[in-house]
Amino acid sequence: MRAVVAETTVPRYLWTTAAGRVRSDAGWRRGGLFRLAEDLLAPALPGPGWVRLRTELAGICGSDVGLAHARISLVLSAFYTASRVVPGHEVVAVVDAVGAEVDDLAVGDRVALDPVLSCVHRGFDPVCGSCARGLPHACERFDQPGETGCAAPTQGFDAAVGGGFGQVLVAHRSQCLPVGDLASTRAVLTEPLAVALHAALRWQRDGDRVVVIGPGTIGLLLTAALRRLHPDLDVAMVSPGSFGDERAIAVGASRILPTGPAAVHALAEQDGGRVLTAKRTPLPLLERGVDAVFDCVGYPDTIDLSLHLLRPGGTLVLVGAARQQPVDWSLVWNRELTIRGTINGGPEPSLDGRRSAEHAVDWLADPAFPVDGLVTHLAPLDRWQDALAVASAGPRARAGKVALQPDPQLPLVGPVTALQPRP
Ligand SMILES: [Zn+2]
Ligand SMILES: [Zn+2]
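Since this is a predicted model, take the numbers as computed values, not measurements. (Residues numbered from 1 in each chain as written. Chains lettered and ligands numbered in written order. Predicted model: local features only at pLDDT ≥ 70, side-chain atom pairs only at ≥ 80, totals over all residues. Heavy atoms only, no water.)

Novice: It is not clear to me how the coordination of the zinc ion (ligand 1) should be interpreted in this structure. Could you clarify?
Specialist: Between any two of four tetrahedral donors, the ideal angle at the metal is 109.5 degrees; between two of six octahedral donors, it is 90 or 180 degrees. Within the protein, Cys-61 (SG) and His-89 (NE2) serve as the donor atoms for the zinc ion (ligand 1), at 2.1 to 2.3 Å. Of this pair, Cys-61 sits in the loop between strand S3 (50-59) and helix H2 (62-68) while His-89 sits in the loop between strand S4 (84-85) and strand S5 (90-98), and the two are 28 residues apart along the sequence. Residue Cys-61 shares its accessibility class with His-89, and that shared class is buried. (Donors = N, O, S within 2.8 Å, 3.2 Å for Na, K, Ca; no water. Helix = DSSP H or I, 4+ residues; strand = E, 2+ residues; numbered from the N terminus. Buried < 20%, exposed > 50% of the residue type's maximum accessible area, 1.4 Å probe, protein only.)

Novice: How do you make sense of the pattern of salt bridges when you look at a structure like this?
Specialist: Two side chains with opposite charge may pair up if their charged atoms get near one another. Tallied over the entire structure, the rule returns 27 salt bridges. Between Asp-382 and Arg-2 there is a salt bridge; the shortest N-O distance is 2.8 Å. You can see Asp-382 sitting in the loop between strand S17 (375-380) and helix H13 (384-393) and its partner Arg-2 sitting in the segment before strand S1 (3-7), a full 380 residues away along the chain. One salt bridge connects Asp-25 with Arg-23, and the closest N-O pair in it is separated by 2.7 Å. (Salt bridge = Lys/Arg side-chain N within 4 Å of Asp/Glu carboxyl O.)

Novice: What exactly am I supposed to notice about the layout of surface pockets here?
Specialist: Here the second largest pocket defines a volume of roughly 370 Å³. Forming the walls of the second largest pocket are 20 residues, and the residues nearest its centre are Ala-70, Arg-71, Ile-72, Ser-73 and Arg-323. For the lining of the second largest pocket, the element with the highest residue contribution is helix H1 (residues 10-19), accounting for 3 residues. Tallied by class, residues from the lining of the second largest pocket come to 9 nonpolar, 8 polar and 3 charged. Taken domain by domain, the makeup of the lining of the second largest pocket includes at least three residues from each of domain 1 (3-189 + 371-405) and domain 2 (196-342). (1 Å grid on protein atoms, 1.4 Å probe; cavity = no way out; pocket = protein on both sides within 12 Å on 5 of 7 lines; lining within 4 Å. Points joined across faces, edges and corners; volume = space filled by probe spheres on them. Nonpolar A, V, L, I, M, F, W, Y, C, P; charged D, E, K, R; others polar. Domains from an automatic or database assignment.)

Novice: Please clarify how the packing of helix H7 (residues 217-229) against helix H8 (residues 242-251) should be interpreted in this entry.
Specialist: A pair of packed helices can be characterised by two numbers: the angle between their axes and the separation between those axes. The contact between H7 and H8 brings their axes to 8 Å, and the two run at 25 degrees. In terms of orientation, H7 lies roughly parallel with respect to H8. Along this stretch, H7 crosses H8, giving a crossing that reads as right-handed. Each of Leu-220, Thr-223, Ala-224 and Arg-227 in H7 lies in contact with H8, whose residues at this interface are Arg-247, Ala-248 and Val-251. Within the contact of H7 with H8, the residues separate by chemical class into 4 nonpolar, 1 polar and 2 charged. (Axes fitted to C-alpha atoms, helices over the stretch in contact; angles between N-to-C directions. Parallel < 35°, antiparallel > 145°, perpendicular 65-115°, else oblique. Left-handed = near helix turned anticlockwise from the far one by under 90°. Contact = heavy atoms within 4.5 Å.)

Novice: When you look at the coordination of the zinc ion (ligand 2) in this model, what are you seeing that I'm missing?
Specialist: Donor atoms from the polypeptide that bind the zinc ion (ligand 2) are Cys-119 (SG), Cys-128 (SG), Cys-131 (SG) and Cys-139 (SG), placed at 2.3 to 2.4 Å. For the zinc ion (ligand 2), the 4 donor atoms in the first shell make angles of 102 to 113 degrees at the metal, so the coordination geometry reads as tetrahedral. One chain supplies every donor for the zinc ion (ligand 2), spaced along it as C-x8-C-x2-C-x7-C. Comparing Cys-128 with Cys-131 shows no difference in burial state: the two are buried. (Tetrahedral: all angles 85-135°; square planar, octahedral: opposite > 155°, others 65-115°.)

Novice: Can you help me understand the sheet that holds strand S10 (residues 234-238) in this one?
Specialist: Pairing between sheet strands relies on hydrogen bonds along the backbone, with the strands arranged either parallel or antiparallel. Pairing is parallel across the open sheet formed by 6 strands, whose spatial order is S11-S10-S9-S14-S15-S16. Only two strands of the sheet have a single partner each, and these edge strands are strand S11 (255-257) and strand S16 (338-342). Taking each pair of neighbouring strands and ignoring which way they run, the sheet shows an average axis angle of 25 degrees. Relative to S16, strand S15 (residues 310-319) runs parallel, the two sharing 5 bridges. Within S16, the residue paired with Leu-318 across the bridge is Gly-341. (Pairing = 2+ DSSP bridges.)

Novice: When you look at empty space enclosed by the protein in this model, what are you seeing that I'm missing?
Specialist: Over the atoms a probe the size of a water molecule is rolled, and this reveals where empty space is left. Per the counting criterion, the structure on display carries 1 cavity of 30 Å³ or more. Approximately 60 Å³ is the volume found for the largest cavity. Around the largest cavity sit 13 residues that line it, and Asp-114, Pro-115, Glu-191, Ala-194 and Gly-345 are the ones nearest its centre. Looking at the lining of the largest cavity, the elements that each hand over two or more residues are helix H6 (190-201) and helix H12 (356-364). Considering every element that reaches the lining of the largest cavity, the biggest residue donor is H6, with 3 residues. In the lining of the largest cavity, the residues fall into 6 nonpolar, 4 polar and 3 charged.

Shown next, in the form of structure tokens:
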């Protein structure tokens, strides 16, 4: 099969890091971490409860772009030990073969993937403490392949089970969520929406004002999720430019805030409260801060801004991306802030106990859920480098979600308005 492959070897990692200092496309040029494989062996079914899938559409996640740029957390390398990866964990696919124990999926069914592979998928019995506590999305054995052969938390990080940037992958039956004739460009948002919904639920509502930082796909889906969960909540989006502003309002943001110190001043002007200045630091403090901040960027300046925007007792939800960052954490203890982290979707006891990905499919099937237009670019596998370049440029290229269509034989479903990335 054809697939974009990441060879996560030390020489390619070092080459990508070194060449990346002078050019932005080092990761997908010759010698870089990513390459296009023309004849990769398709993964085999690990067991009778598994299915083989043909990728219809696969979203490019910020983590895929991060991997292409060799921007990875060394701590988390404990969970990601595969040396060959087929990226792509935001997948809508068509069932191509079913194992002997799968009796409720048929060849030809369209499914969205919940990519988390926990103890039950790996055949571990008894399950780990985390899975036993209802947190399979933070399984303690993410590094152990078990029956799957996958030395990573999800599909898309080990070629053993494949990923959406390839034409074929395998998944456990329980990971496959039927989507019927849901439009491809909505169904492909299932995994990022599951992440966003789970992030929204990491805050137990204790106020009326929240801030979301970063109008990328996760930030927008999180805004849409907060709006759906809390119709009366004031959701302010910190956005660096007009491209993100319009998109944030379209998915339900109440208002837009500028980035940096101006965000503090804008909130003080609009909502009242003093602005407190600290010595020799760029950011002022807000006296009447907001109840929660969802940082979907995870850079030092956004984490710092989050801490400065929160009221005493407020909650910072760090969504995904943060790596090792130099941040002054003094406000955490001074103002008794709570920090909660999140990256995967999982069971949602505060809803009805079903997984976030299952709720995501329901929401995406509702035409009133305003996420059309989030997917801006679609590319065939032949244009994978252009797709990565556009995804990497993000708002500078007026790009939201960029998705790959690995199999030209598989038609997309529903209205498709996305563009082709330009080289
Ligand atoms: Zn992702
Ligand atoms: Zn586990």
